[in-house]
Amino acid sequence: MTEESSLRAVGWARSLPVSSGAKEARDWTRAHLATLGWEATAPDLVDSVVLAVSELVTNAHVHARSAAQLILTWDQECLHVTVHDASPRLPEQRHPDAGATGGRGLLLVEALADTWQAHRCPRGKDVVACFQPLTRPTDT
């Protein structure tokens, strides 16, 4: 007899070539979060997720010089934002000078997400950030 899992999840995936830029990732992410009803129930969280997506996709494009595979998975407790790129090199947090124009992407992700992690996998690495709404926005 097979037990049925009580875990329900919904997800979306998108490949973003280096030429696509972060705006495409932000717009795509915002549109999918709208299907969860989060624009009405958790607008600040939507802004945080969109900013984190922008930073992670930009890191994949700039530092890995690679297309980014963006995956959003909502499992009723956490929105998992995964960005995969072709570089096996794990990201390193920098501590830029006040006048530096870059180097704050992971600091932003750490401040915005409930948790984040990076790990190597075949053909590159995944960076995963988890966002937990204060209340469950919708049951999809």
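So, here's what we can say about the structure. Worth saying up front: this structure is predicted, and the values here are computed from it rather than measured.

Glancing now at helix H4 (residues 105-112). Listed in full, the buried residues belonging to H4 are Gly105, Leu106 and Val109. Down the axis of H4, the sector holding all buried residues measures 90°, keeping them to one side.

Counting 30 residues, the largest nonpolar core has Trp38, Val49, Leu70, Leu79, Val81 and Phe131 as the members making the most contacts within it. At the level of elements, strand E1 (10-16), helix H1 (21-35), helix H3 (43-62), strand E2 (68-74), strand E3 (79-85), H4 and strand E5 (124-131) are the ones that each hand at least two residues to this core. For this core, the element with the highest residue contribution is H3, accounting for nine residues. If sequence neighbours within four positions are ignored, Leu79 has contacts with Leu33, Trp38, Val49, Leu72, Thr73, Trp74, Ala129, Cys130 and Phe131.

Put simply, the largest pocket is a space of about 510 Å³. Lining the largest pocket we find 25 residues, and of these Asn59, His63, Pro91, Glu92 and Arg94 sit closest to its centre. Mapped onto the lining of the largest pocket, the elements with two or more residues apiece are H3, E3, H4 and E5. Its residues assigned to classes, the lining of the largest pocket shows ten nonpolar, eight polar and seven charged. Counted as a void, the second largest pocket has a volume near 180 Å³. Around the second largest pocket sit ten residues that line it, and Ala42, Leu45, Gln132, Pro133 and Leu134 are the ones nearest its centre. The element that contributes the greatest number of residues to the lining of the second largest pocket is H3, accounting for three residues. For the lining of the second largest pocket, the residue count by class is five nonpolar, three polar and two charged.

Looking now at the state of the cysteines. One pass over the full model with this rule turns up one disulfide. A sulfur-sulfur separation of 1.7 Å characterises the disulfide bridge that pairs Cys78 with Cys130. One end of the pair, Cys78, is in the loop between E2 and E3; the other, Cys130, is in strand E5, with 52 residues separating them in the sequence. For the pair Cys78 and Cys130, one class covers both residues: buried.

The five strands are arranged E1-E2-E3-E5-E4 in an open sheet whose pairing can be described as antiparallel. Edge positions in the sheet fall to E1 and strand E4 (115-121), since each of these pairs with one other strand and no more. If you compare each strand with its neighbour and ignore which way they point, the axes differ by 15° on average. By the bridge criterion, seven bridges tie E4 to E5 in an arrangement that is antiparallel.

The next subject is the packing of H1 against H3. Where H1 meets H3, the axes come as close as 9 Å, and the angle between the chain directions of the two elements is 145°. In the crossing of H1 with H3, the sense of the turn from one axis to the other is right-handed. Mapping the contact onto sequence places Gly21, Ala22, Ala25, Arg26, Thr29, Arg30 and Leu33 in H1 and Val46, Asp47, Val49, Val50, Val53, Ser54, Val57, Thr58 and His61 in H3. Residue composition of the contact of H1 with H3, grouped by class: eight nonpolar, five polar and three charged.

The next thing to look at is the environment of Leu112. Within the secondary structure, Leu112 is located in helix H4. Residue classification places Leu112 among the partly exposed residues on the basis of a relative accessible area of 25%. The sequence separation of Leu112 and Val49 amounts to 63 residues, and the corresponding C-alpha distance is 7.5 Å.

Calculation notes
- Numbers given for residues are sequential positions, taken from 1 along each chain in its written order.
- Reporting of local features is limited, given that this is a predicted model, to residues whose pLDDT is at least 70; pairs of side-chain atoms are given and counted only at 80 or more, and all residues count toward the totals for whole chains, interfaces and linings.
- Neither water nor hydrogens contribute to the side-chain values; these are computed over all heavy atoms in the structure.
- Accessible area is worked out with a 1.4 Å probe on protein chains only. A residue is then buried under 20% of its type maximum, exposed over 50%, and partly exposed in between.
- We count a stretch as a helix when DSSP gives it H or I for four or more residues in a row; a strand needs E for two or more, and each element gets its number in order from the N terminus.
- An arc is given here, and it is the one of the directions from the helix axis to the C-beta atoms.
- In these notes, a set of buried Ala, Val, Leu, Ile, Met, Phe, Trp, Tyr and Cys residues joined through side-chain atoms within 4.5 Å is what counts as a nonpolar core.
- Residue contacts are counted whenever heavy atoms from the two residues lie within 4.5 Å of one another.
- The definitions used throughout rest on a 1 Å grid laid over the protein atoms alone, on which a cavity is an enclosed set of points accommodating a 1.4 Å probe that cannot get out and a pocket is an open set flanked by protein within 12 Å on both sides along at least five of seven lines; lining residues are those having an atom within 4 Å of a point.
- Grid points are joined across faces, edges and corners, and a volume is the space filled by probe spheres set on the points.
- Three residue categories are used. Nonpolar comprises Ala, Val, Leu, Ile, Met, Phe, Trp, Tyr, Cys and Pro, charged comprises Asp, Glu, Lys and Arg, and polar comprises the others, including Gly.
- In what follows, a disulfide is any cysteine sulfur pair within 2.5 Å.
- Being paired, for any two strands, means DSSP has found at least two bridges between them.
- Interaxial angles span 0 to 180 degrees and are taken between N-to-C directions of axes, which are lines fitted to C-alpha atoms, for helices over the stretch in contact.
- Crossing handedness is read from the near helix: turned anticlockwise from the far helix by less than a right angle, it gives a left-handed crossing, and turned clockwise, a right-handed one.

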